[in-house]
Amino acid sequence: MSTGTSPWTPAGGAFWAGVWRAPDAELEVVDPENGSLVGTVGNCSSVEVDEAVRGVAQAVLAGPPWPVWQRREALHRAAALLDERRDVFAALISREGCKPIRDAAREVQRAIETVRLSAEQAARLEGETLPFGNTPRGENRLGWFTREPVGVVGAITPFNDPLNLVAHKLGPALMGGNGVVLKPAEQTPLTALAFTELLLDAGVPANRLAVVPGRGATVGAALVSHPRVDMVSFTGGHTTGNAVAAGAGAKKTLMELGGNGTVVVLRDADVRRAAEAVVDGAFGNAGQNCLSVQRVFVARELVHELVDLVVEGTNNLVVGSKADARTDVGPLIDEAAADRVEGWVAEAVEAGAEVNAGAKRDGTFYWPTVLTSVPAGSTVLTEEIFGPVVSIEPFDTVDAVVAEVNDLEYGLQAGVFSRDLDAALDVAQRLRVGAVMVNDTGDFRIDAMPFGGSKRSGVGREGVPFAVDAMTEPKIVAIHRTSRSA
Ligand code: NAD
């Protein structure tokens, strides 16, 4: 196992049944900025996935129960350790992923909060007594329910938030008392392995946790279809989500999928504020964020002012090396992603779209791009671009813009800008998306809120308290009294 110049050396290339492993096959992790080797991890086989799942299932089904107070304390210790190791994690996230170092440090802070919030969910696991006395059939019975683990959670994560999205799976799964087998994204597995080591240091029982790096088509597919996996928690693209749902069959699933981030700027909006938020929301992490702003609908009378301000903000962004603290926009995850973004922009321009900023490429770097006059039906409008490209379009009536947004195939989050709260709330209530942010773009989230979308954007809700609910089930115990004391 080699780790190149990795800021952290993994104890092994995979982990299951309480032991760090060195699978025969290896997966190289490269820096998307320059292709340099960051490290190697295991490239697990379906046989190894089977071993990992069975190990965790054995611990959950036959092992000693893991008391709620111990779960809470282990997760509080994990949050404290992450705080201590924040620089190592920020460097790792930035090296193997796409985030400039400043954004990577922000992700670590988010993950500390996610883990702490998971620890605080102990009260959510309490149950209630049941009203057996309310019906004749219930007479002489006494009962209650508690919230019990679903069993083994198979967790699959994407590359764009290598730490916080892993924390969103492992924190709630462990707090709920489950065992969990994680398959991190093949591009960013080192952060997930470092986080596993941290959880073990914090006191998470080693046999309840496994990490099996590898390819989606082998490791991911073997994990979701495994008969001992009770629930699949998946975050990734819509097409992969379909494959995951087909492979999982009739299992409980939580699907956090893509979006195409819409923003509606009403005629009485603070245009400068909207423009700043659009630049931030469209180009953070080079647009590789499920909440990235991709389509901006603006009242026709404001379109020129908004475009000018967005272009000005975009041209002020620093595109460059991730290690440089001044960098705002780093690379895309690989050449194929840059090819896709470049191709979709070229298709729109060929059909008549106007480039107001960007549309320039160098290897995996694609410059923040602002398009206008994009013809309806262009791929940059209809599909999730997952790159630094925003399209700005005028609208004439609120009814028309609501209909257009609701007609999109995705429905994750949206933003509405207006100084008139009634007007903003009217739009917020009519949009078919998982959340609407007023005077923010949809690129805003706190880790405690119910998070997820409608249509192609997902099934169910994550967000720590809601994920704990999803990863536990009510379990009833009832007592039938046969005699009465004299
Ligand atoms: P992806 O769908 O290509 O991969 C996600 C994960 O699924 C990876 O670990 C991959 O190896 C695995 N996978 C691939 N094929 C599989 C299969 N057949 N069976 C099981 N697992 C398989 O996504 P990506 O490119 O890593 O990430 C980008 C996507 O993730 C975007 O669509 C983005 O919107 C979405 N995303 C959604 C959220 C959210 O919370 N809604 C958050 C972040 C990213």
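What this report covers is the structure whose coordinates are included nearby. Just so we're clear, the structure is a prediction, and the values are computed from it rather than from any experiment.

Details of the nonpolar core
For soluble globular proteins, nonpolar side chains are generally found buried alongside one another. Counting 52 residues, the largest nonpolar core has L82, L170, F195 and L199 as its most contacted members. Look past the residues within four positions of L82 in its chain and what remains in contact with it is F89, V108, A111, I112, V115, L163, F195 and L198. In this structure, A274, A286, W344 and A348 belong to the second largest nonpolar core, which totals 50 residues.

Considering the pattern of salt bridges
Within the structure shown, the criterion is met by 27 salt bridges. The residue R430 makes a salt bridge to D426 at a minimum N-O spacing of 3.3 Å. Taken together, the positions of R430 and D426, both in helix α14 (residues 421–430) and 4 residues apart, correspond to about one turn of that helix. You can call D426 partly exposed: its relative accessible area is 34%.

Topic: the site of the ligand
Around the ligand lies a shell of 28 residues, among which T157, E186, T240, L257 and E384 are the nearest. In this structure, G237 approaches the ligand through a main-chain N or O atom, which is 2.8 Å from an oxygen atom. Contact distances for the ligand include 2.5 Å between an oxygen atom and a side-chain N or O atom of E384. For the ligand, whose free accessible area comes to 850 Å², the fraction covered by protein is 87%. Every element with two or more residues in the shell around the ligand is listed here: α7 (216–225), β10 (231–235) and α8 (238–248).

Description of the packing of helix α1 (residues 46–62) against α7
Between α1 and α7, the shortest axis-to-axis distance is 9 Å and the interhelical angle comes to 40 degrees. As α1 runs across α7, the sense of the crossing is right-handed. Residues S46, V49 and V53 of α1 lie in contact with α7, whose contacting residues are V219, A222 and L223.

Re the pairing of strand β13 (residues 295–299)
With 5 of its 5 residues buried, β13 lies for the most part within the structure. On β13, burial covers both faces: R295, F297 and A299 on one face and V296 and V298 on the other are all buried. Bridge analysis of strand β12 (residues 262–265) against β13 gives 4 bridges, and the strand direction is parallel. Across the sheet, the residue bridging to V265 is V298, located in β13. Following the backbone out of β12, through helix α9 (residues 271–283) and into the adjacent parallel β13, one traces a crossover that is right-handed. Here β13 runs beside strand β18 (residues 389–395); their pairing, made up of 5 bridges, is parallel. Paired with V298 across the bridge in β18 is P394.

Quick notes on helix α2 (residues 68–84)
For α2, which comprises 17 residues, the first-to-last C-alpha distance of 25 Å matches the rise-based estimate of 24 Å (1.5 Å per residue) to within 8%. Looking only at α2, the buried set comprises R71, A74, L75, A78, A79, L81 and L82. What you see down the axis of α2 is that its buried residues fit within an arc of 165 degrees, all on one side. Those residues of α2 that are buried are in contact with α3 (86–96), α4 (101–119), α5 (164–175) and α6 (189–201).

Conventions used here
- Residues numbered from 1 in each chain as written.
- Predicted model: local features only at pLDDT ≥ 70, side-chain atom pairs only at ≥ 80, totals over all residues.
- Heavy atoms only, no water.
- Core = buried A, V, L, I, M, F, W, Y, C linked by side-chain atoms within 4.5 Å.
- Buried < 20%, exposed > 50% of the residue type's maximum accessible area, 1.4 Å probe, protein only.
- Contact = heavy atoms within 4.5 Å.
- Salt bridge = Lys/Arg side-chain N within 4 Å of Asp/Glu carboxyl O.
- Helix = DSSP H or I, 4+ residues; strand = E, 2+ residues; numbered from the N terminus.
- Near = heavy atom within 4 Å.
- Polar contact = N/O pair within 3.5 Å; in protein donor to acceptor, adjacent residues only side chain to side chain.
- Areas by Shrake-Rupley, 256 points an atom, 1.4 Å probe, with all protein chains shown as cover.
- Axes fitted to C-alpha atoms, helices over the stretch in contact; angles between N-to-C directions.
- Left-handed = near helix turned anticlockwise from the far one by under 90°.
- Pairing = 2+ DSSP bridges.
- Right-handed = clockwise from strand over helix to strand, strands pointing away.
- Expected span 1.5 Å × (residues − 1).
- Arc of directions from axis to C-beta.

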